[in-house]
Amino acid sequence: EISACLVGSEMCIRDRNKIRLKYIAGFVIGALLFGCNDSESDLLETKVYFEENSVTIKASGDDVITHDLQARLSFKSSSPTEVTYEIGGASAVEAFNVAHGTTYELLDPSQASLEVTSATIEAGKIYAPQTTVKLSGMADIAEGKTYLLPVCVRSSSLPVIEGSDFTYLVISKPVEIRTVGQFSSNYIKIPVSPLSPFTSVTYEALIYLNRFNSNNTIMGTEGILILRIGDEALPGGHNDWMQIAGNKQFHSEQEFKTGQWYHVAFTYDQPSGKAILYINGEKASESSWDTPSFDLSNGGCFVGKVKGFMWGERPFNGYMSEVRLWSVARTENQIKQNMLSVDPASDGLFAYYKLNGKDLTQEGGVPYIKDASGNGKNGETDVRFKELDEPVAIN
């Protein structure tokens, strides 16, 4: 009897647990269904937004540029919808920069005006009438800089789609490089001190090859950290691959061609140990290093050839422009957005040679290339200059 009673108790407990589980399952399913319906109703709610998150505007000479804007609804409304437009400020630009990893500047609000600041989307329609943004003073904006003009849309009767309630006009004046440095057996010596070794570093240059040599020196310090094209010891004897060499080395496997402009870069971020090669703003190869620092003064830091090197000077044959040495590791976005020009006041820019034919000076009777960064790193040189029929273009 005692045994039967215990068995009966266990069966009662099991039955009660089954009932509880059914109630819990029912509650969970009901909550999920309610949540799904709530989410669905939110998705089906009529809202106001811009279709374009951003639009690129090139200031190519005209002093006044206009651009049409048009807000819209996610679904038709049975009643008219009033929308208003206004030009955003610095906080909107900061939000864009954070989201996209950019460093764009707010366009001076005095250079922008809206044709109308309000419009009506008629009942049964989706689009508002177009309005025009007028941009003035475009002929005078700085070449190579990118400005941002945020415009937001609001409505008193309907909500907006967060994140699409702004459209951004990305405004820049294209950089035209028509004078470049000519290298065959020419060089620039970058003055660096052994007292200031580089922990993180970035090399950058625009290059155009006329022909391939066995080693085509772009920039750096031989035996320590040098960026070049064409070490015949590379697999298959590829003298058309890019390589970083010295204490450590690795290479990309993209074949370079003569008669074509490229932007090339190397970065080493000491805290993470990441070493990266870039071609035209895109990551081409990557390695992991554990080097604490580089003494780029050891034997001399050169552009174009390794002057006086005992085993041959390894000259670059072609043209160069926008040669930059940094004491920081630039990000992929920073490299991609500044291939043809960069702000000379940028953080970490150690030496900057534009090679535009205007940066040659004399010091003690010796020709030097002026350092555009303002850091006084004028480089001893024998470089010549070449006028191009067409401006530098990266394909």
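How each quantity is defined
Residues numbered from 1 in each chain as written. Predicted model: local features only at pLDDT ≥ 70, side-chain atom pairs only at ≥ 80, totals over all residues. Heavy atoms only, no water. 1 Å grid on protein atoms, 1.4 Å probe; cavity = no way out; pocket = protein on both sides within 12 Å on 5 of 7 lines; lining within 4 Å. Points joined across faces, edges and corners; volume = space filled by probe spheres on them. Helix = DSSP H or I, 4+ residues; strand = E, 2+ residues; numbered from the N terminus. Pairing = 2+ DSSP bridges. Salt bridge = Lys/Arg side-chain N within 4 Å of Asp/Glu carboxyl O. Buried < 20%, exposed > 50% of the residue type's maximum accessible area, 1.4 Å probe, protein only. Core = buried A, V, L, I, M, F, W, Y, C linked by side-chain atoms within 4.5 Å. Axes fitted to C-alpha atoms, helices over the stretch in contact; angles between N-to-C directions. Contact = heavy atoms within 4.5 Å.

## Overview of the layout of surface pockets
Part 1: Quantified by volume, the largest pocket comes out at close to 1,200 Å³.
Part 2: Lining the largest pocket are 40 residues, and of these Gly144, Lys145, Gln337, Asn338 and Ser341 sit closest to its centre.
Part 3: Elements that contribute at least two residues to the lining of the largest pocket include exactly strand S2 (54–58), strand S11 (166–172), strand S23 (318–326) and helix H3 (332–337).
Part 4: Per element, the largest residue contribution to the lining of the largest pocket is three residues, and it comes from H3.

## Quick look at the sheet that holds strand S22 (residues 301–303)
Part 1: Within the open sheet, the nine strands sit side by side as S18-S17-S16-S15-S22-S13-S27-S26-S25. Their pairing is antiparallel. Looking at which strands have only one partner, the edges of the open sheet turn out to be strand S18 (250–251) and strand S25 (360–363).
Part 2: Bridge analysis of strand S17 (residues 242–246) against S18 gives two bridges, and the strand direction is antiparallel. By the bridge assignment for S18, Ile244 is matched with Phe250.

## Brief notes about the pattern of salt bridges
Part 1: One pass over the full model with this rule turns up 15 salt bridges.
Part 2: For Glu122, the salt bridge goes to Lys125, with nearest N and O atoms at 3.5 Å.
Part 3: Overall, Glu122 belongs to the partly exposed group, its relative accessible area being 45%.
Part 4: Since its relative accessible area comes to 46%, Lys125 is described here as partly exposed.
Part 5: One salt bridge connects Lys336 with Glu282, and the closest N-O pair in it is separated by 3.3 Å. One end of the pair, Lys336, is in helix H3; the other, Glu282, is in strand S21 (residues 282–288), and 54 residues separate them in sequence.
Part 6: Residue Lys336 is classed as partly exposed on the basis of its relative accessible area of 35%.
Part 7: Among the charged side chains, a salt-bridge network with shared partners connects Glu204, Glu322, Arg324 and Lys354.

## Comments concerning the nonpolar core
Part 1: Counting residues in hydrophobic clusters, the biggest one holds 42 residues, and the most contacted among them are Phe266, Leu296 and Leu325.
Part 2: Core analysis: the second largest hydrophobic core is formed by 29 residues, Leu69, Leu135, Ile141 and Leu158 among them.

## Side note on the sheet that holds strand S9 (residues 131–135)
Part 1: Spatially, three strands are ordered S3-S9-S7 in an open sheet, and the strand pairing comes out antiparallel. The open sheet is flanked by strand S3 (65–69) and strand S7 (112–114), the only strands paired with a single partner. For this sheet the average axis-to-axis angle between neighbouring strands, irrespective of direction, equals 20°.
Part 2: Inspection of the sheet shows S3 paired to S9 by five bridges, in the antiparallel sense. Following the sheet pairing, His67 is matched in S9 by Val133.

## Details of the environment of Ala71
Part 1: Here Ala71 is to be found in strand S4 (residues 71–73).
Part 2: By relative accessible area, which is 0% here, Ala71 ends up buried.
Part 3: Distance from Ala71 to Arg154, taken between C-alpha atoms, is 9.5 Å for residues 83 residues apart in sequence.
Part 4: Excluding its chain neighbours within four sequence positions, the residues that come into contact with Ala71 are Val48, Tyr49, Phe50, Tyr85, Ile126, Tyr127, Ala128 and Val153.

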